[in-house]
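The primary structure of each chain is shown beneath.
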Amino acid sequence: MEKILDYAQPSLQGVLRIPGDKSVSHRSIMFGAMAEGTTTVEGFLLSDDCLATIDCFQKLGVEIEVDGENVRIKSNGIKAWKEPNEILYTGNSGTTTRLMLGILAGSNVSSVLIGDESIQKRPMKRVTDPLKQMGAKLIGRENGQFTPIAVEGTNLESIHYQMPVASAQVKSAILLAALHAQGETIVQEMETSRDHTEKMLQHFGADIKVRNKTIRLQGGQKLTGTHVVVPGDISSAAFFLAAGAIVPRSKLTLTNVGLNETRTGIIDVLQAMGANLSINDSENTSHEEMGTIEIETSSLKGTEIGGDLIPRLIDEIPIIALLATQAEGKTVIKNAEELKVKETNRIDAVVNELKKLGANITATDDGMIIEGPTPLHGAELVTYGDHRIGMMGAIASLITSSAVTLDDPACISVSYPNFFEQLDSVRNS
Ligand code: S3P
């Protein structure tokens, strides 16, 4: 059902506790299911994507109890999984689909993975090709490019793999397969992508060596159940960081924000644009860094975003594009062709939807160019079923001169189920 967002000149004030990180939440379930013993998770993100991961492992016979944001996983390790008698449905989640392929390849069960309409169009050869080189038995449409994909678990060999794309999902699928392979696997990245898998492998007791952009992992290592504290998702915080910066008379405090430096590109960009923000990173309760960020209404200027900054903010580009519409001068986003294979083609989606609001924005082959500042007006926006396009539209509506309509606000629950409640709790109008 559509949602009409008609906010008359609001200001934003208050404190928000940012919900759990999606990438870390997925991995907490996957690692807990592969480990021997009990894993307890605190701050788990109860979003559609992460619930799809839980559902897949329950179908594999892993005992998982969810009590609000606390999850308990009991497993006797990967060899104890049962063959699922149903198809494993990964929903809208690229992380679930790609990482599961890596995990299942070295298990001793046969299974079939399928996702929603968006997942069925997203490229999987980037994962199935290296896994096949390790000896994985995978069959999928177009030679393993698209789901449904059938996996027959088997014994794997190690691999020396030079990554052709900067992708944490590809890197993680290989590393998780490598854990159950014979010999030492070496993965070389072209640009450093998010390293939650490496950090969590260590946290569960594995020996993994990371030097510059090279990762080495010896196969045959056992993981041991542990306690995981999931930090808040900086990719979710990004929407309120942007809102705090562009909505007049605003000041927001965001607590529990994950500050893993492979994810903090949005902070670098806000600082380069001249935003008024301060960070207190002394919260130290997780194996990942976390802290509190304060942001106030800011005068922004355009900036250039490209190169090795891109993987550090790939999911934040829709909201950065909105920020850029309110910044003085030109913002250029380049080397971001990966946007074309996200939940939707995010170059086209961002450009089409921001244009409807009156932005001066042009698509390029590998990103977009935005000229600002431009006053925005209301329009009927399409989310393309993409949570981050939906949230970009909702934040835009805070500064538009008339109402914004979102065709499918429900898609936001893929990563941020309480987004509108949190927005309403800080909005004064
Ligand atoms: C993710 C990695 C990124 C990101 C996605 C989550 C992960 O994708 O866009 O939302 O959890 O590993 P790629 O690694 O494919 O760039």
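Computed from a predicted model, the values in this text were never measured in an experiment.

Q: Give me the domain arrangement of the protein: which residues, what numbers.
A: Parsing the protein into structural domains produces domain 1 (3–20 + 231–428) and domain 2 (22–229). Placing the centre of domain 1 and that of domain 2 at their C-alpha centroids yields a distance of 29 Å. Listed by partner, the interface residues are 28 residues for domain 1 and 29 residues for domain 2. Between the two partners, domain 1 and domain 2, sit three salt bridges. A salt bridge links glutamate 69 to arginine 17, with the nearest nitrogen and oxygen atoms 3.6 Å apart. At the boundary of domain 1 with domain 2, the tally comes to 14 residue pairs in polar contact (both at pLDDT 80 or more).

Q: Explain helix α11 (residues 346–356) residue by residue, including any values.
A: Burial in α11 covers these residues: Arg346, Ile347, Ala349, Val350, Val351, Glu353 and Leu354. For α11, the secondary structure elements touched by its buried residues are α10 (317–325), β22 (360–364), β23 (367–372), β24 (380–381) and α12 (387–396). The backbone nitrogen of isoleucine 347 has a side-chain oxygen 3.0 Å away, supplied by the residue at the start of α11, namely asparagine 345. Positive backbone phi, approximately 105°, marks glycine 358, located one or two places after α11.

Q: How would you summarise the sheet that holds strand β19 (residues 290–296) if you had to cite specific residues and measurements?
A: In space, the five strands of this open sheet follow the order β18-β19-β17-β2-β26, with mixed pairing throughout. The open sheet has two edge strands with one neighbour each: β18 (276–283) and β26 (427–428). Pairing of strand β17 (residues 251–258) with β19 involves six bridges; the strand directions are antiparallel. For threonine 253, the partnering residue across the bridge sits in β19 and is glutamate 294. Here helix α8 (residues 234–246) sits on the sheet in contact with β2 (11–17), β17 and β19, set at roughly 165° to β17. Its contacts with the sheet place helix α9 (residues 265–272) against β18 and β19, and it is angled at close to 145° to β18.

Q: Please give an account of the nonpolar core that cites residues and values.
A: Of all hydrophobic cores here, the largest spans 75 residues; its most connected members are Met368 and Phe419. Here this core takes 10 residues from α8, the largest share from any one element. Sequence-distant contacts of phenylalanine 419, that is, excluding residues within four places in its chain, are made with Phe239, Phe240, Met391, Ala394, Ile395 and Ile412. If you look at the next biggest cluster of nonpolar residues, it comprises 63 residues, including Ile73, Ile174, Leu176 and Ala181.

Q: Please set out the pattern of salt bridges residue by residue, giving values where relevant.
A: For the structure on display, the rule yields 22 salt bridges. Here glutamate 63 and lysine 74 are joined by a salt bridge, their closest N and O atoms 3.9 Å apart. With a gap of 11 residues between them, glutamate 63 in strand β4 (residues 63–67) and lysine 74 in strand β5 (residues 70–76) connect regions that are remote in the sequence. Of the residues examined, lysine 74 reaches a relative accessible area of 35% and is grouped as partly exposed. One connected set of salt bridges, linked through shared partners, spans Arg194, Asp315, Glu343, Arg346, Asp386 and Arg388.

Q: I'd love a proper account of helix α13 (residues 419–426), names of residues and values included.
A: The complete set of buried residues in α13 reads Phe419, Phe420, Gln422, Leu423 and Val426. For α13, the angular spread of the buried residues around the axis is 160°, confining them to a single face. Opposite the buried face of α13, at more than 90 degrees from it, the exposed residues are Glu421 and Ser425.

Q: Tell me about the UniProt feature "binding site: 3-phosphoshikimate" (unreviewed entry) in the protein, residues and numbers included.
A: UniProt's entry tags Lys22, Ser23, Arg27, Ser167, Gln169, Asp315 and Lys342 with the feature "binding site: 3-phosphoshikimate" (unreviewed entry), counted in the numbering of this structure. Position of serine 23 relative to the elements: it lies in helix α1 (residues 22–34). Excluding residues that lie within four positions of it along the chain, serine 23 makes contacts with Arg194, His196 and Arg263. Of note, aspartate 315 is situated in the loop between β20 (304–305) and α10. For aspartate 315, a relative accessible area of 10% corresponds to the buried category. Leaving out residues up to four positions away in the same chain, aspartate 315 has contacts with Arg194, Ser235, Lys342, Arg346 and Arg388. Engagement of the side chain of aspartate 315 in a polar contact is seen with the side chain of arginine 194, the distance being 3.2 Å.

Q: An account of the site of the ligand is requested, with residue identities and associated values reported.
A: Around the ligand, the surrounding shell consists of Lys22, Ser23, Arg27, Thr95, Ser167, Ala168, Gln169, Arg194, Ile314, Asp315 and Lys342. Take threonine 95: an N or O atom from its side chain is 3.2 Å from an oxygen atom of the ligand. With the chains in place, 95% of the 380 Å² that the ligand exposes on its own is no longer accessible. Looking at the shell around the ligand, the elements with two or more residues in it are α1 and α6 (168–178). Residue composition of the shell around the ligand, by class: two nonpolar, four polar and five charged. The two domains that each donate at least three residues to the shell around the ligand are domain 1 (3–20 + 231–428) and domain 2 (22–229).

Q: So, the UniProt feature "binding site: phosphoenolpyruvate" (unreviewed entry) in the protein: which residues are in play, and what are the values?
A: Within this numbering scheme, the UniProt entry marks Lys22, Gly94, Arg122, Gln169, Arg346 and Arg388 as carrying the feature "binding site: phosphoenolpyruvate" (unreviewed entry). With respect to the element layout, glycine 94 can be found in helix α3 (residues 94–105). Of the residues examined, glycine 94 reaches a relative accessible area of 5% and is grouped as buried. When residues no more than four places from it in sequence are discounted, the contact partners of glycine 94 are Ile119, Arg122 and Gln169.

Q: Quick rundown of the sheet that holds β5? Include the residues and the values.
A: The strand order β4-β5-β3-β16 describes an open sheet built from four strands, whose pairing is mixed. Each edge of the open sheet is held by one strand with a lone partner, namely β4 and β16 (227–229). Averaged over neighbouring strand pairs, the angle between their axes works out to 15° when direction is ignored. Pairing of β4 with β5 involves five bridges; the strand directions are antiparallel. Counted as the bridge partner of glutamate 65 is arginine 72 from β5. Contacts from α1 reach β3 (36–42), β4, β5 and β16 within the one sheet, and its direction differs from that of β5 by about 30°.

Each value, and the rule that gives it
- Residues numbered from 1 in each chain as written.
- Predicted model: local features only at pLDDT ≥ 70, side-chain atom pairs only at ≥ 80, totals over all residues.
- Heavy atoms only, no water.
- Domains from an automatic or database assignment.
- Contact = heavy atoms within 4.5 Å.
- Salt bridge = Lys/Arg side-chain N within 4 Å of Asp/Glu carboxyl O.
- Polar contact = N/O pair within 3.5 Å; in protein donor to acceptor, adjacent residues only side chain to side chain.
- Buried < 20%, exposed > 50% of the residue type's maximum accessible area, 1.4 Å probe, protein only.
- Helix = DSSP H or I, 4+ residues; strand = E, 2+ residues; numbered from the N terminus.
- Pairing = 2+ DSSP bridges.
- Axes fitted to C-alpha atoms, helices over the stretch in contact; angles between N-to-C directions.
- Core = buried A, V, L, I, M, F, W, Y, C linked by side-chain atoms within 4.5 Å.
- Arc of directions from axis to C-beta.
- UniProt positions renumbered as here; feature names shortened; annotations may be inferred.
- Near = heavy atom within 4 Å.
- Areas by Shrake-Rupley, 256 points an atom, 1.4 Å probe, with all protein chains shown as cover.
- Nonpolar A, V, L, I, M, F, W, Y, C, P; charged D, E, K, R; others polar.

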